[in-house]
Amino acid sequence: MSSSSVSSIDEIIELYKRDVDVTLMDECLKRTVEERILALEAFERFRCELQSAVTAHRDSIKKAAGRPKDFEALAELESIRDRSTSRDK
C-alpha cells in the first residue's frame, strides 16, 4: 500500500470517528456480561413487538385497499403467521 492510500484511509476513519459517541460504548462496557445479555433480550422483545405492529399496520392498509391481489397475499401471510405462532407455543 502506498503512503497516500494509507493517509486517505486514516482520514476516512477520522471522519467516521467524529460521529461516534464513545460515552455509549463506555456505558456498555461498564455493564456485566449478564446485564448486557438482559439488555439484548429486552431489545429483541421490543424489536419483535415493533415488527408485529408494523406487520399489523401494513396488513390493515392492504385490507383497506381492497385489491384482490392483496387479499390473496394476506391470506397466505396469515397462514404462515398462524403456523409460526402454533409452532412457538
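A brief report on the enclosed structure follows.

Cut-offs applied
Residues numbered from 1 in each chain as written. Predicted model: local features only at pLDDT ≥ 70, side-chain atom pairs only at ≥ 80, totals over all residues. Heavy atoms only, no water. Helix = DSSP H or I, 4+ residues; strand = E, 2+ residues; numbered from the N terminus. Rg over C-alpha atoms; globule rule 2.2 N^0.38 Å. Buried < 20%, exposed > 50% of the residue type's maximum accessible area, 1.4 Å probe, protein only. Areas by Shrake-Rupley, 256 points an atom, 1.4 Å probe, with all protein chains shown as cover. Lys, Arg positive; Asp, Glu negative; His and termini not counted. Charge placed at Lys NZ, Arg CZ, Asp CG, Glu CD. Patch = residues over 30% accessible without salt bridge, like charges linked within 9 Å, V, L, I, M, F, W, Y side chains within 5 Å. Salt bridge = Lys/Arg side-chain N within 4 Å of Asp/Glu carboxyl O. Expected span 1.5 Å × (residues − 1).

**Overview of the overall build of the protein chain**
So, step 1. Per the secondary structure count, the protein chain includes four helices and zero strands.
So, step 2. Overall, the protein chain shows an N-to-C arrangement of helices and strands of α-α-α-α.
So, step 3. A globule of 89 residues ought to have a C-alpha radius of gyration of about 12 Å, yet the protein chain, at 23 Å, is considerably larger.
So, step 4. If you line up the protein chain on its principal axes, its C-alpha atoms span 60 × 40 × 25 Å.
So, step 5. Counting the 89 residues in the protein chain, one finds 4% classified as buried.
So, step 6. Working note: accessible area of the protein chain is about 7900 Å², and carbon and sulfur atoms make up 60% of it.
So, step 7. Taken as two groups, the 16 positive and 19 negative side-chain charges of the protein chain have centres that lie 6 Å from each other.

**Quick notes on a nonpolar patch on the surface**
So, step 1. A cluster of nonpolar side chains, contributed by Leu40, Phe43, Phe46, Leu50 and Val54, occupies part of the molecular surface with about 520 Å² of accessible area.
So, step 2. Locating Leu40 in the fold gives a position in helix H3 (residues 33–65).

**Focus on H3**
So, step 1. Along its 33 residues, H3 runs 48 Å from first to last C-alpha, staying within 8% of the 48 Å computed at 1.5 Å per residue.
So, step 2. Following H3 by one or two positions, Gly66 adopts a phi angle in the positive range, close to 75°.

**Structural notes on the pattern of salt bridges**
So, step 1. This model, assessed by the stated rule, comprises seven salt bridges.
So, step 2. Arg81 is the salt-bridge partner of Asp59, the closest N and O atoms lying 2.7 Å from each other. In this pair, Asp59 sits in helix H3 while Arg81 sits in helix H4 (residues 68–88), placing the two residues 22 residues apart along the sequence.
So, step 3. Residue Asp59 is classed as buried on the basis of its relative accessible area of 5%.
So, step 4. Look at Arg81 and you get partly exposed, because its relative accessible area is 34%.
So, step 5. Members of the salt-bridge network, linked through shared partners, are Arg58, Asp59 and Arg81.

**Digging into the environment of Ala75**
So, step 1. In this fold, Ala75 is placed in helix H4.
So, step 2. By relative accessible area, Ala75 is classed as partly exposed at 46%.
So, step 3. C-alpha of Ala75 to C-alpha of Val22: the two residues are 53 residues apart in sequence and 47 Å apart in space.

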